[in-house]
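# A structural walkthrough
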Amino acid sequence: SRFRDWGGRVVLLCLDPFLGLSLPGFLDPESALIVTLDESPALDELRDRGFEVLRVDAEMVASRSSAALLAAPAVQARLLELAVEGPVGLLSFKPSHQLVKAVRELDAKAPEFARGRLALFAGSPKVARRFENKHRFPKLIAARGVPLPESRTIRPADDSDYASLTAALGRPFVAQTA
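Residues numbered from 1 in each chain as written. Predicted model: local features only at pLDDT ≥ 70, side-chain atom pairs only at ≥ 80, totals over all residues. Heavy atoms only, no water.

In terms of regular secondary structure, the chain is built from seven helices and five strands. Put simply, the chain has 178 residues, and 36% of those count as buried. Looking at the chain alone, contacts between residues at least 24 apart form 48% of all its contacts between residues at least 6 apart. For the chain, the computed accessible surface area is about 11100 Å², with 54% contributed by carbon and sulfur atoms. (Helix = DSSP H or I, 4+ residues; strand = E, 2+ residues; numbered from the N terminus. Buried < 20%, exposed > 50% of the residue type's maximum accessible area, 1.4 Å probe, protein only. Contact = heavy atoms within 4.5 Å. Areas by Shrake-Rupley, 256 points an atom, 1.4 Å probe, with all protein chains shown as cover.)

Here's what the structure looks like:
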């Protein structure tokens, strides 16, 4: 994969440690760092596979976002150490304008010779927001002729239960809370 051949360190900023379980397929443990908030069996698995894991206590971040995770002092210190050693690519599953700004600000804190070594490996936040929108995305996809599974928006006040959802949608189905 291109990450294996990149030559720098890859850092996954993930609020959900289970997202890191996909890493062993395309990253070498020696070149990757997983930064997360939650302790879980997934982190034990990643540690067992040789990945470096940096877990930050939830009390140390302002919110549950990659940008807030990046702002934690322990995370900043470790990333600046890595930048001194060589290039560092940051991965995030949900790019945001705040994350782009946070990476730029952290890169500016690096020693002068190491500036420019921190890079965000993520799509455009503007484009990501368009596809993340649960109401807009199906319209974008349908307009391109891609078939979509049946879906519906259910408000908490509708008081839908599992049995009625199964009867209406069949099994299996995916539910996501707002």
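We now examine the sheet that holds strand β1 (residues 9-14). As summarised here, the arrangement of the five strands in space is β3-β2-β1-β4-β5, forming an open sheet in which the pairing is parallel. Pairing within the sheet leaves two strands with one partner each, and these edge strands are β3 (52-55) and β5 (118-121). Pairs of neighbouring strands in the sheet enclose a mean axial angle of 25°, with direction left out of account. Two strands pair when backbone bridges link them, and strand β4 (residues 88-92) and β5 are joined in this way by four bridges, in the parallel orientation. Across the sheet, the residue bridging to V88 is L118, located in β5. Relative to β3, helix α1 (residues 41-48) is tilted by about 150°, and along the sheet it contacts β2 (32-36) and β3. Running at roughly 165° to β1, helix α3 (residues 73-85) makes contact with β1, β2, β3, β4 and β5 of the sheet. (Pairing = 2+ DSSP bridges. Axes fitted to C-alpha atoms, helices over the stretch in contact; angles between N-to-C directions.)

Before going further, it helps to examine the nonpolar core. Counting residues in hydrophobic clusters, the biggest one holds 28 residues, and the most contacted among them are V11, L13, V35, L69, L70, V75 and L79. Elements represented by at least two residues in this core include exactly β1, β2, α2 (66-71), α3, β4 and α4 (97-109). Ignoring any residue separated from it by four or fewer positions in sequence, one finds V35 in contact with V11, L12, L13, C14, L54, L69 and V75. (Core = buried A, V, L, I, M, F, W, Y, C linked by side-chain atoms within 4.5 Å.)

Averaged over every residue, the pLDDT of the chain is 81; residues scoring 70 or more account for 78%. When mean pLDDT is compared element by element in the chain, α3 scores highest at 95, while helix α5 (residues 125-132) scores lowest at 68. (pLDDT = per-residue confidence, 0-100.)

On to the environment of A72. Note that A72 resides in the loop between α2 and α3. As a C-alpha pair, A72 and V61 span eleven residues in sequence and 6.0 Å in three-dimensional space. In this view, A72 contacts V56, M60 and V61; residues no more than four positions away in its chain are not counted.

Taken as a whole and judged by the stated rule, the model has nine salt bridges. For E81, the salt bridge identified is with R78, shortest N-O distance 3.0 Å. Note that E81 and R78 are positioned in helix α3 at a spacing of three residues, about one turn of the helix. For R78, a relative accessible area of 18% translates into the label buried. What emerges from the salt-bridge pattern is a single network uniting E39, D44, R47, R55 and D57. (Salt bridge = Lys/Arg side-chain N within 4 Å of Asp/Glu carboxyl O.)

To continue, consider the side chain of S66. Relative to the helices and strands, S66 is located in helix α2. Taking relative accessible area as the criterion, S66 reaches 11% and is therefore assigned buried. Beyond its immediate sequence surroundings of up to four residues, S66 is in contact with L13, S92 and L99.

A word on α1. Burial in α1 covers these residues: A42, L43 and L46. In a view along the axis of α1, the buried residues occupy a sector of 95°, so they form one face of it. α1 presents P41 and D48 as exposed residues on the side facing more than 90 degrees away from its buried surface. Structurally, α1 contributes buried residues whose contacts are with β2 and β3. (Arc of directions from axis to C-beta.)

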